[in-house]
Amino acid sequence: MSFPEGLTTRYPSLLPFADIYDVESHDGREITLLKCIYAHPDLDKIRNSPSEICRVMDEFAAKQDFLINIGSDKGDKVRQIIEKEKPTVLVEFGGYVGYSAIFFADAMRRAAGSADGLRIWSLEFDPLIASIAMNLIELAGLSDVVKVVVGPAADSLERLKKEGKVTDVDFVFLDHCEELYVQDLKVCLDLGLLKSGSLVVADNVVRPGAPAYREYVRQSEKFESWGVKGLIMPGSFEDELEVTRIK
Ligand SMILES: C[S@@+](CC[C@H](N)C(=O)[O-])C[C@H]1O[C@@H](n2cnc3c(N)ncnc32)[C@H](O)[C@@H]1O
Ligand SMILES: [Mg+2]
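Residues numbered from 1 in each chain as written. Chains lettered and ligands numbered in written order. Predicted model: local features only at pLDDT ≥ 70, side-chain atom pairs only at ≥ 80, totals over all residues.

Describing the overall build of the chain
Then, in step 1: Of the regular secondary structure elements, the chain holds ten helices and seven strands.
Then, in step 2: Its C-alpha radius of gyration of 17 Å places the chain within 12% of the 18 Å reference for a compact globule of 247 residues.
Then, in step 3: Split into buried and exposed, the 247 residues of the chain put 43% on the buried side.
Then, in step 4: In the chain, once contacts between residues fewer than 6 apart in sequence are set aside, the share between residues at least 24 apart is 72%. (Helix = DSSP H or I, 4+ residues; strand = E, 2+ residues; numbered from the N terminus. Rg over C-alpha atoms; globule rule 2.2 N^0.38 Å. Buried ≥ 20, exposed ≤ 12 C-beta atoms within 10 Å, placed from the backbone. Contact = placed C-beta atoms within 7 Å.)

Digging into the sheet that holds strand 4 (residues 169-174)
Then, in step 1: What the seven strands build is an open sheet, ordered 3-2-1-4-5-7-6; its pairing is mixed. Edge strands, defined here as strands with exactly one partner in the open sheet, are strand 3 (146-150) and strand 6 (223-232). Here the average twist between neighbouring strands, direction ignored, is 20°.
Then, in step 2: As judged from the five bridges shared by strand 2 (residues 119-124) and strand 3, these two strands associate in the parallel manner. Following the sheet pairing, Leu123 is matched in strand 3 by Val149.
Then, in step 3: Contacts from helix 8 (residues 181-190) reach strand 1 (89-93), strand 4 and strand 5 (194-202) within the one sheet, and its direction differs from that of strand 4 by about 165°. (Pairing = 2+ DSSP bridges. Axes fitted to C-alpha atoms, helices over the stretch in contact; angles between N-to-C directions.)

Concerning the site of ligand 1
Then, in step 1: Asn69, Gly94, Tyr99, Ser100 and Phe125 are the nearest of the 22 residues found near ligand 1.
Then, in step 2: In the shell around ligand 1, the residues fall into twelve nonpolar, six polar and four charged. (Near = placed C-beta within 6 Å. Nonpolar A, V, L, I, M, F, W, Y, C, P; charged D, E, K, R; others polar.)

Considering helix 8
Then, in step 1: Three or more residues of helix 8 are buried, namely Tyr181, Asp184, Leu185 and Cys188. On an axial view of helix 8, the arc spanned by its buried residues comes to 105°, and they lie on one face. In helix 8, the exposed positions angled more than 90 degrees off the buried face are occupied by Gln183, Lys186 and Asp190.
Then, in step 2: Note on helix 8: the residue one or two positions beyond its end, Gly192, has a positive phi of about 70°. (Arc of directions from axis to C-beta.)

Let's talk about the packing of helix 3 (residues 50-63) against helix 5 (residues 99-112)
Then, in step 1: Across the interface, helix 3 lies against helix 5 with an axial gap of 9 Å and an inter-helix angle of 150°. On the basis of their axis angle, the class for helix 3 and helix 5 is roughly antiparallel. As helix 3 packs across helix 5, the resulting crossing turns out to be left-handed. Residues Pro50, Ser51, Ile53, Cys54 and Met57 of helix 3 lie in contact with helix 5, whose contacting residues are Tyr99, Ile102, Phe103, Ala105 and Asp106.
Then, in step 2: For the contact of helix 3 with helix 5, a count of residues per class yields eight nonpolar, one polar and one charged. (Parallel < 35°, antiparallel > 145°, perpendicular 65-115°, else oblique. Left-handed = near helix turned anticlockwise from the far one by under 90°.)

As structure tokens, this is what we get:
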């Protein structure tokens, strides 16, 4: 399929493993995933169960087609951070089919003890992919918590701020396009959404890699920043999350 320039989802550092995984995405596999989930023999067990829906997506990624979501290993690393920090408003750049939004909303709800006052804004460029995410978030019983917004993430966030829907953000998850991490973090800062103590977690800083972003957050006195190791699943390829706290 044709994808706007700069919005590639191809993962260059996974290319050596291309004989194992076709690392493309947005090529119809996500529709196949949705159909597989609705054809699942235990659909009633999956309904309203975020962990079951993520497990079925993991199974699809392992057996049928690679999915470019955060996966269970790095997802668990973020879950541990959520348990400790108890964020109430999370903005994610790059929602894809909703895996991380479902995973994180479940973690936020468990950490808070209820869904009251919790909100994830999941910003996704591709309208078809976003529709699949909305569907799966509804199936997970999380549509009161997670709102999917279609469009380039920075534009969506700017609009949400103007509309007064987003004012303070506790937690930003960057997972859209590594080349945009620095400029989009700056958008969050310029909009005044991040306060002292807010966290920014960026995925894929080692694989495929976000060296300019890592350098930016580590050299600035505005931030305290460190890496958390994790694995791309399936395949157990080593990667890192960059965890950055606003001072
Ligand atoms: C790696 S996937 C996100 C995976 C998701 N966070 C998860 O773990 O389940 C990246 C997604 O970002 C989207 N994307 C790329 N550039 C974007 C942009 N500028 N604004 C919004 N979404 C973007 C792509 O369409 C793709 O669905
Ligand atoms: Mg990622």
